[in-house]
Amino acid sequence: MTDSAQTDPANRIEPIATDRLRQACDPASLGFATTAELEPLEGLIGQDRAMEAIGLAAGMRAADFNLFVQGPPGTGRRASVDTFLSSHAASLPEPDDWAYVNNFDAPHRPRALRLPPGVARRLKDEMEDVVDDLAIDIAALFESDDYQAANRTINEEFGEQQEHAMSEFGDKAKAENVALMRTPMGIMLAAIKDGEVVKTDRFETLPEAEQKEIEEKIGRLQSELSEILRNAPKLDRERRRRIEALNAEMVGEVVSSRLREARDAFAGLDPVQEYLATVEEDMTGNAEMFLAVMQQQQQADGPFPESVHKAHGNPMFQRYMVNVMVTRGEDDARGAPLETEDLPTLDRLTGRIEHAQQMGALITNFMMIKPGALHRANGGFLVLDARRLLSEPMAWPALKQCLQSESITITSMGERLSLVSTTSLEPDPIPMNLRVVLIGDRMLYALLVTLDPDFGDLFKLQADFEESIERSDESQALFARVLGERAKRDGLRPVSAGGVARLLDEAVRLAEDASKLSLHLGALGDLLREADHYAEQSRRDTIEAEDVERTVRQADRRASRIKDRMREMVTRKTILIDTEGAQVGQVNGLSVIGLGGYRFGRPARITARTRMGSGKLIDIEREVELGGPLHSKGVLILSGYLSSTYALDVPFSLQASLVFEQSYGGVDGDSASAAELFALISSLSGLPLDQGFGVTGSVNQNGEVQAIGGVNEKIEGFFETCADRGLTGRQGVIIPAANVDHLMLRQDVVDAVRDGKFRVIAIRSIDEGLAVLTGRDPGARGEDGAYPADSVNGLAEARLRGFAEQRLKFAQSAKPAEQGG
Amino acid sequence: MAAQGTGHRRILVGAGSFADARAALAILDRLAGFGISDIGGLFLEDRGMMEAAAPRMSALVSPRGAIRGMPSRQGLRLMWQSDARAFREQLMQLAARRRLRWSFERLPGDPVADLCGAAQSWDWLLIGHLTSSRHTGKVVGVAHEDGGPDGVADLAGALARSLRSGAELIPDTTPEVDILSRLGRLHAAAVVIDAATGPFRSPAQIRALLGAARCPVLVLGAGRLPGLVEHSTQIPNPPDPG
């Protein structure tokens, strides 16, 4: 053992200075007493990139420049999108109205009418009035004397034509001594002789010539009668056509007169004029319908006067109604629409075609077409939650289809899946011109970009919300104004400078970086509201630092039941954690457990065992499938480090096992890989590790210690364990040097460090960590290429070389036996 | 006499086929409001037809003009049976709908002469005859020129209104041949006559009237028609006026 190895190398690595453990904001530096003095700052800070993208999406008119707003919840994504787009939408022109009307030629394909804003509702009202008026006017027409007379004349004319033919035929038959007898099958012609119908037996007695004459006569008259009777349907058809022509002429006058008023009311609107022309044609052709409905209504209503009848409510007249899909009311906001759909199902998105049950069958018509969010947002903006949209069956494909075709097509789920076969409609697609804004997290964006080839074409813009901003005096001042505005907007008390400083400290902690401020304003807003509650309880006019502190403590207390139970188990040694002494092949790793928004750190004992073998490193967590892929990767890196660091001239003859003791859940991440390597080297070298330290950090094959996440929680978790056992002043946490900038520790930890009761040590390499944990020089290779014999590395290498030699001997002794055998 | 909803009027509907009966029942349905209390149906099978039905000496044409072969006697019987059943069924339904008493009988006999005989115990007689057209024709009344007490004019008018058709009155002073000639050229939904006061009183006259009009004929004062057959026990006697 050399002198240098006998000194305390751990003391050569200084603990991190107290002021770097918690870089708290100084209230005095803020320059105000309360936020009431500050000018409110509306909107967001630090989101310039995202807001520029939103602005571009709002301004671009190209169809495929839709926007995906990505970022974690609580960064103000939704609110900023709503605020920006609503003000922008107000400056845009109002979109046109859309309505569906009957297609009289093909009722299963309703026609879409594009109308100027506000006209659809007027047209709907007008058509209801038209039907109501005509139901009365046409019924009166049919009852009128002039119509009845004209109708009767036609009926009589045609009736008499047929009767005349029959009468003449009757006279002729009579003249030729042929009787017309009525039978269940029709008219029988029979010969008459001497005033009586000739019966069979008498016919046989007649002379052959007379028989032939009768036969000829009967046959001829039969043909004539057949011709007359066959002509009857033809005459009837002709009569019907004349009646229809009469109806068309007389009803046409009434309909034209009423529809002329409607046309005048919508003068200059070509779609309406064309539609009214088809209505006129149909009404004229179906005039009897008005009569029938009015008769039904009169029978049903009894003494009610005609004036109270509203014929448009009758299902038979639905064919003339107008189904308004989108219109702008007097009270609606001006400008383009900004719609959000919180439940973006297929039906709610693209609209739906409803069905009604009638006599056991499902029927529908154009009046049962219901608009969706795309209809309502047409001409403006539609904001959707991406996760909800993607979780609704068929909603995403339908939205893409509409965006690609730039039209809204209503297709039900049943049709899309070909599950149901019932009467349905194929309404005219409605041209679509809107900007879709999807709001989601980054993972969704990445998945969509990767897996959906259409996504990039349709959503060309992304607004990526930052999670944090650089911490500076300027950004802190802006943050203070945002907090003041939020307090004011939510009706809370002003926040004192101390309160703001404490909130800024929390923003730093949320950012997990002392040089950043978190932009998770939602979480800070929650803190602010709760702090206001405590300020009220304390009868204060402002929210002070202690209110914020109490809020943080209370939030921690509410969520810390599991953490407390775990601490209790460690204290009672149910979970074995040493915080004193030294052990070979054993180290305190640190892990973070997250439950919802709450995270806490806790120590976990990691042990390593080594023996001669064939170079196999067993990760017990992986073997039992409790270790995740990142953990496995970390362990394999250890193998690479060991094999490339020690005993390079002999085969790697180690068999080692690693385990997280008393860990029964999954383990993932590589933040324990440094701790695992310390345990392995300790086991190899036989040197004990100081159990007063908790260790975190990942390691690469070069032995460099790399940054990890959750450093504050890990330090605090080990601190609590030590505090429960009693702080000795020799305890502490070893962290990667790269994590020092992320430190924003609780004040009680900082105080303990300041008082010399606890240490936080930053390391850059495994050797530095070995020095701290073993208290011995790790050793570096000398000119001869060997580590000092009593250094940590020297002892580890000697052990590995010993394994190799042992293995060689074993192989040589085994060979003769094989040959002999 | 034609006033609606009064009295206990009994009406006999007769026909030799269901097609004729159906035309009569359509008229009867409209008449149900005219104080009718009993309706009777009489289906008459003209068996003389069987003797005349032979290929060379007779021929058959369906109502739609199709030339048909003469049915066998068995076939004719089956058709009568089927038509009678359908006639009875519809009569029964109408009676149920209008809450009327009803009776029905199927007899062999001449569809006009024997019907007139059977109608003596009834107030009105309605003789069925299929009309030549589906659309409704006029209701023709053969009535006193001055309206008279027979009620034919009133009934014809009311029936025409009910059918949403027109009515035409032919004065009963018109020569019979002219009446028949006029009727022969008129498309009528029904003809209304009064056997007690009008010119058509005998079965032969009524047969001629039916042949000319080719539509149901409503005979008022049916009790005054000369009887040829006794009414069946199945046809109830007229109610006791007392």
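Teacher, can you tell me more about the overall build of chain A here?
Within chain A, the secondary structure is distributed over 29 helices and 30 strands. A burial count over chain A gives 43% of its 821 residues as buried. The contacts in chain A between residues at least 6 apart in sequence include a share of 77% that link residues at least 24 apart.

Where do I start with the overall build of chain B in this structure?
Helix and strand content of chain B: seven helices and ten strands. Relative to its full complement of 242 residues, chain B shows a buried share of 50%. In chain B, the share of contacts with a sequence separation of at least 24, taken over all contacts with a separation of at least 6, comes to 81%.

What should I look at first to understand the sheet that holds strand β6 (residues 124-127) of chain B in this one?
Think of a sheet as strands paired side by side through backbone hydrogen bonds, with each pair either parallel or antiparallel. Residue and element names in this part refer to chain B. Here we have eight strands laid out as an open sheet, ordered β5-β2-β1-β6-β10-β9-β7-β8, and mixed in their pairing. Every other strand in the sheet has two partners, leaving β5 (101-108) and β8 (167-171) as the edge strands with one partner each. Strand after strand, the sheet turns through a mean of 20° between neighbouring axes, direction not considered. Alignment of strand β9 (residues 188-194) against strand β10 (residues 217-220), held across four bridges, turns out to be parallel. Within β10, the position partnered with V191 by the bridge is V217. Sheet strands in contact with helix α3 (residues 73-98) are β1 (9-15), β2 (36-45) and β5, and its direction is about 175° off that of β2. Along the sheet, helix α5 (residues 152-162) makes contact with β7 (138-143), β8, β9 and β10, crossing β7 at roughly 175°.

Is there a simple way to explain the environment of A:R352 in this structure?
All names here are of chain A. Within the secondary structure layout, R352 lies in strand β9 (residues 352-353). Between the C-alpha atom of R352 and that of K370, which follows or precedes it by 18 residues, the distance is 5.2 Å. Those residues in contact with R352, other than ones at most four positions away along the chain, are D347, K370, I410 and S412.

Got a minute to help me understand the environment of A:P184 in this structure?
Within the secondary structure, A:P184 sits in the loop between β4 (178-183) and β5 (186-193). Apart from the residues lying within four places of it in its own chain, the contact partners of A:P184 are B:S17, B:F18, B:M79, B:W80 and B:D83.

Which parts of the structure should I look at to understand the sheet that holds strand β21 (residues 586-595) of chain A?
Residues and elements named next belong to chain A. If you trace the seven strands from one edge of the open sheet to the other, you get β23-β24-β22-β21-β26-β29-β30, paired in mixed fashion. The sheet is open, and its two borders are formed by β23 (616-619) and β30 (759-763), each paired with just one other strand. Taking each pair of neighbouring strands and ignoring which way they run, the sheet shows an average axis angle of 30°. The sheet contact formed by strand β26 (residues 693-695) and strand β29 (residues 732-736) spans three bridges and is parallel. Opposite G694, over in β29, you have V733 as the bridge partner. Strands in contact with helix α28 (residues 766-774) are β26, β29 and β30; relative to β30, the strand with the most contacts, it is inclined by about 150°.

Explanation requested: the interface of chain A and chain B in the structure shown.
The parts lose accessible area when they come together, and the size of an interface is often stated as this lost area. Taken together, the contact pairs 40 residues of chain A with 38 residues of chain B. For the side of chain A that touches chain B, the secondary-structure elements that each account for two or more residues are α6 (145-175), β4, β5, α7 (200-205) and α8 (208-265) of chain A. The element that contributes the greatest number of residues to the side of chain A that touches chain B is α8(A), accounting for 13 residues. For the side of chain A that touches chain B, the class distribution of residues is 17 nonpolar, 13 polar and ten charged. In this structure, β5(A) lies alongside strand β3 (residues 58-61) of chain B, joined through four bridges in antiparallel fashion. By the bridge assignment for β3(B), A:I187 is matched with B:V61.

Quick question: what am I supposed to make of the packing of α6(A) against α8(A) here?
Residues and elements named next belong to chain A. Where α6 meets α8, the axes come as close as 10 Å, and the angle between the chain directions of the two elements is 175°. The orientation of α6 relative to α8 falls into the category roughly antiparallel. Seen from α6, the contacting residues are Y147, A150, N151, I154, N155, F158, Q161, Q162, A165, M166, F169 and A173; seen from α8, they are L221, E224, L225, I228, A232, L235, E238, R239, R242, I243, L246 and M250. Here the residues of the contact of α6 with α8 sort into 16 nonpolar, four polar and four charged.

Where do I start with the pairing of β2(B) in this structure?
Side chains on a regular strand alternate between the two faces of the sheet. All names here are of chain B. The buried count for β2 comes to nine of ten residues, which makes it a mostly enclosed element. Here seven bridges tie β1 to β2, and the two strands are oriented parallel to one another. Paired with A15 across the bridge in β2 is F43. A crossover links β1 with its parallel partner β2, the connecting element being helix α1 (residues 18-31), and its sense is right-handed. With eight bridges connecting them, β2 and β5 associate as parallel partners. What sits directly across from D38, in β5, is R101.

Which parts of the structure should I look at to understand the confidence of the model for chain A?
Should the pLDDT be low somewhere, the predicted coordinates at that spot are not to be read in detail. Looking at chain A, the pLDDT average stands at 88 and 96% of residues meet or exceed 70. The low-confidence segment residues 1-7 of chain A, where pLDDT is below 50, has ten contacts with residues more than four positions distant or belonging to other chains.

Looking at this structure, I do not really get the environment of B:L169. What am I missing?
Residue and element names in this part refer to chain B. By the secondary structure assignment, L169 is in strand β8. Considered as a pair, L169 and G141 are 28 residues apart in the sequence and their alpha carbons are 4.7 Å apart. With near-sequence residues (within four places) excluded, L169 lies in contact with G141, A143, A153 and A156.

Help me out: how do you make sense of α6(A) in this one?
For an α-helix the count is 3.6 residues per turn, leaving residues at separations of three or four pointing the same way. The end-to-end C-alpha distance of α6(A), which contains 31 residues, comes to 42 Å, matching closely the 45 Å that a straight helix rising 1.5 Å per residue would cover. Buried positions along α6(A) lie against β4, β5 and α8 of chain A together with α6 (176-184) of chain B. Downstream of α6(A) by one or two residues, A:N177 has phi in the positive range, about 60°.

How should the packing of helix α25 (residues 673-685) of chain A against α28(A) be read in this particular structure?
For any two helices packed against each other, the geometry comes down to the angle between their axes and how far apart the axes lie. Residue and element names in this part refer to chain A. Relative to each other, α25 and α28 sit at 60°, their axes nearing to 10 Å. Regarding the angle of α25 to α28, the classification is oblique. In this structure, α25 crosses over α28, and the sense of that crossing is right-handed. Residues A674, L677, F678 and I681 of α25 form the contact with α28, whose own contacting residues are I766, G769, L770 and L773. Considered class by class, the residues forming the contact of α25 with α28 number seven nonpolar, one polar and no charged.

It is not clear to me how the nonpolar core should be interpreted in this structure. Could you clarify?
Side chains of a nonpolar character, in soluble globular proteins, are inclined to be buried together. All names here are of chain A. If you look at the biggest cluster of nonpolar residues, it comprises 97 residues, and the most contacted ones within it are F678 and L680. Ranked by residues supplied to this core, first place goes to helix α19 (residues 497-511) with nine residues. In this structure, L680 is in contact with A608, T610, L638, L642, A656 and L658, ignoring residues within four places of it in sequence. Of all hydrophobic cores here, the second largest spans 88 residues; its members include A120, M283, A287 and L382.

What counts and what doesn't
Residues numbered from 1 in each chain as written. Chains lettered and ligands numbered in written order. Predicted model: local features only at pLDDT ≥ 70, side-chain atom pairs only at ≥ 80, totals over all residues. Helix = DSSP H or I, 4+ residues; strand = E, 2+ residues; numbered from the N terminus. Buried ≥ 20, exposed ≤ 12 C-beta atoms within 10 Å, placed from the backbone. Contact = placed C-beta atoms within 7 Å. Pairing = 2+ DSSP bridges. Axes fitted to C-alpha atoms, helices over the stretch in contact; angles between N-to-C directions. Nonpolar A, V, L, I, M, F, W, Y, C, P; charged D, E, K, R; others polar. Parallel < 35°, antiparallel > 145°, perpendicular 65-115°, else oblique. Right-handed = clockwise from strand over helix to strand, strands pointing away. pLDDT = per-residue confidence, 0-100. Expected span 1.5 Å × (residues − 1). Left-handed = near helix turned anticlockwise from the far one by under 90°. Core = buried A, V, L, I, M, F, W, Y, C linked by C-beta atoms within 7 Å.

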